[in-house]
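Listed here are the chains, written in short residue letters.
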Amino acid sequence: MIKFRMKIQPSYKQIIWKYLLSLLMLTLTQIVFYFINAAFFNIVSVSDFFSIAAGFFRYAFATISVYLLPYLLLSLLPFTIKQRRWYRTITNFLYIIATEFMMFVSCIDMGYYRFTFKRMTSDIIRYLGIGGDFGELIPQFIRDYWLIVVVFTVANVIFIILYRYINKKHNVEEMNCNKKWFIVQTVVFLISCGILFVASRGGLQVRPINLMQASLYSSTQNSAFVLNTPFTLYRTLGKTGVDKVSYFKNEAELEALFTPVYKPQSSTWADTLFTQKLEVGKTNVVVIILESFSAEYFNVYNHGICPSYTPFLDSLAKQSIVFQGLANGKKSIDGIPAVVSGLPLLMEESYITAKYGMNRLGSFASILKDYGYTTAFFHGGYNGSMNFNVFTKHVGFDAYYGMNEYNNKKDYDGNWGIFDEPFLQYIVKQLNTFDKPFAVAEFTISSHHPYTIPPKYKGKFPKGNLITHETTGYADHALRQFFASAAKEDWFKNTLFVITADHSTLTQTNEFRTQTGLFRIPMIFYSPLLKHGIVSQQSLQQIDILPTVADLLHVESPVFSFGRSAFAAEPHFYIYYLNGEYMLTIGEYMSKFREGYPLELYNIKTDPNLKNNIADKFADIRNRHLKLITAIVQQYNNRLIENRLLP
């Protein structure tokens, strides 16, 4: 038997081993990413694990092929110049930079993922650009996430040792560049280009793999473990818009299925909850948006599963109408448009930073101004932080009050802005100067990383099991003081307060780590005119706040919102977008919709981890979900493109 032994040149061996080294480093960071965030994933079987692993390596090969492309092409070119020392220095530099970048962003996402529940996408570049003074925060991040710094350092040590070993083991020597050399080099180059083309696309399918296909390997909850951060960054680069769609050719049919133009409805039942009817033009509105609050922190929501860190809000909830709150996004920059304007995040990039950010869009402020309201947005952070000052003015708020207007650095938290307690007291003083009625929104900051509280309160609030618990207690205390001061003012008794959050944050119980549990937030409507408290099991998403307020105040004019009032007759739904998928919940059923794929349907009551797709068993429910979700998407995409975000 004749044995054939292929002789591989040292230069090719070096390229192959360096490619595999990059794959190894990406795999190692993926493993650490999982262990740091394991609580947010749900791998139920060995087959599930191997499916995730298969998906990961598919995405990993695509990622490495793209990032190493400059190095690989320059190293494989069939030209003699590549044997020059200076040329090899350049190619090696490109290799090191590409691999280091992949490791760096993968490590950053180890900590960032727990706040967004998705891999970082390219919108992080614009988000950081408008998010405040990050230069001052870097030392704090390093202190808080020292473990990730250690991981990155150890990964670099491993990378450098193996990189030097490969260079030494497969040292590139100059070769005789004859005709045969050129032919072999050209053939290898062409074959390599073909392999890289297939690898970078993730296979031979018609279209390159994208973020959505990660859910083909496991549940949506595990998609982030299939993906890798370098992939999601480059795959979303430059994608700041939506595509026009036409699921329904007939506009009348579309409008009949779903319209974002909501006509307020009078609710006799709602009126009976108050000692006197709330009226537009007479009732003040104060919307308080808590930074990073999960419903798990409240006794009214966690049913005693874990301690409550909000004693004041728990007591206020007993005198309020409480709904099962749900966020329409995972970042502050997504939560504000949802709460004040009824606009959810149904695309990759945040609305405020997307190219549609200057579309004509209203808010509860612009609606109530027509009824004589004074309006303002309060935010104790840096003026210009996340462009909230620009956005709120654009959607109709008369004034913006931030750190500049507060103008007292002694209450500065050293990171984001003014501590909650003094800033909330400042709001009471400002409201006393406003013409009545007024409609204002307040966005707190103290319950945000790095979770700083005033030195005088050190040790006063329970530290709990999570880094967020102590600052949650402080934020709750600040609200107690705010309501104590506000209750002394004559405008208090005639005010409707809405308390919610921009998004959820860290949790410690399984109930709040399911696909929907990760988005659960407080949703409290309080008025001194309420006869008694009510805890409703009805879900209410952020985009439902605007139409609900409109109904309670008996606003007559139509309002623009993708949500529905809590008191509306039509069925309620909950929608959000994550990793290229639209999630729609109606009652106990959740559906997942991806362009070009069959709709999936799950019973979140009996299957909270979305393991059993029952779409084929419940065709009627599946079709109802499909019609509604495609109607919402068509209204959302086309109205964004056509600048039709007003009634």
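### Regarding the nonpolar core
Argument step 1. By size, the foremost hydrophobic cluster in this structure holds 162 residues, and its most contacted members are Phe378, Phe483 and Leu553.
Argument step 2. In terms of residue count, the dominant contributor to this core is helix 22 (residues 619-642) (seven residues).
Argument step 3. Not counting the four nearest positions on each side in its chain, Phe378 is found in contact with Tyr401, Phe423, Tyr426, Ile427, Gln430, Leu431, Phe434, Val440, Ala441, Glu442 and Phe443.
Argument step 4. Membership of the second largest hydrophobic core comes to 29 residues, among which are Tyr19, Ala60, Tyr71 and Leu233.

### Some points on helix 19 (residues 420-433)
Argument step 1. The end-to-end C-alpha separation of helix 19 is 20 Å, in line with the 20 Å expected for 14 residues at 1.5 Å each.
Argument step 2. Among the 14 residues that make up helix 19, 10 are buried, leaving the element largely enclosed by the rest of the structure.
Argument step 3. Buried residues of helix 19: Asp420, Glu421, Pro422, Phe423, Leu424, Tyr426, Ile427, Val428, Gln430 and Leu431, and no others.
Argument step 4. Tucked inside the fold, the buried residues of helix 19 contact strand 4 (374-379), strand 5 (399-401), helix 18 (403-406), strand 6 (438-443) and helix 20 (469-486).

### Concerning the sheet that holds strand 14 (residues 589-593)
Argument step 1. The four strands lie next to each other as 12-13-14-15, forming an open sheet whose pairing is antiparallel. The sheet is open, and its two edges are formed by strand 12 (574-578) and strand 15 (600-603), each paired on a single side. Across the sheet, the axes of successive neighbouring strands diverge by a mean angle of 20°, strand direction being ignored.
Argument step 2. In this structure, strand 13 (residues 581-586) lies alongside strand 14, joined through five bridges in antiparallel fashion. Residue pairing across strands places Ile586 opposite Tyr589, the latter belonging to strand 14.
Argument step 3. Packing against the sheet, helix 22 makes contact with strand 12, strand 13, strand 14 and strand 15, and its axis sits at approximately 125° to strand 13.

### Here we look at unusual backbone geometry
Argument step 1. Residue Pro437 is reached from Lys436 by a cis peptide bond, and omega for that bond is 0°.
Argument step 2. Position of Pro437 relative to the elements: it lies in the loop between helix 19 and strand 6.
Argument step 3. For the peptide bond that leads from His449 to Pro450, omega is 15°, which places it in the cis range.
Argument step 4. Position of Pro450 relative to the elements: it lies in the loop between strand 6 and helix 20.
Argument step 5. With a phi angle near 55°, Asn407 is a residue other than glycine that sits in the positive phi range.
Argument step 6. Relative accessible area serves as the criterion here: at 66%, Asn407 is assigned to the exposed category.
Argument step 7. For His554, which is not glycine, the phi torsion reads 60° and is therefore positive.

Thresholds, definitions, all that
Per chain, residues are indexed from 1 in the order of the written sequence. Local features in a predicted model are, by the rule used here, given only for residues with pLDDT of at least 70; side-chain atom pairs are given and counted only at 80 or more, and totals for whole chains, interfaces and linings are based on all residues. Side-chain calculation: all heavy atoms of the structure are included, whereas hydrogens and water are not. Take the buried residues of types Ala, Val, Leu, Ile, Met, Phe, Trp, Tyr and Cys, join any two whose side-chain atoms come within 4.5 Å, and each joined set is a nonpolar core. Partly exposed describes any residue whose relative accessible area lies between the buried limit of under 20% and the exposed limit of over 50%, with all areas from a 1.4 Å probe on protein chains only and scaled to the type maximum. Working definition: helices are DSSP H or I runs of at least four residues, strands are E runs of at least two. Numbering for both runs from the N terminus. We call two residues in contact whenever any of their non-hydrogen atoms come within 4.5 Å of each other. Expected helix span is given by 1.5 Å per residue-to-residue step, counting one fewer step than there are residues. The rule for pairing is simple: two strands pair if DSSP sees at least two bridges between them. The axes are straight lines fitted to the C-alpha atoms, using for helices just the contacting stretch, and the angles between their N-to-C directions are given from 0 to 180°.

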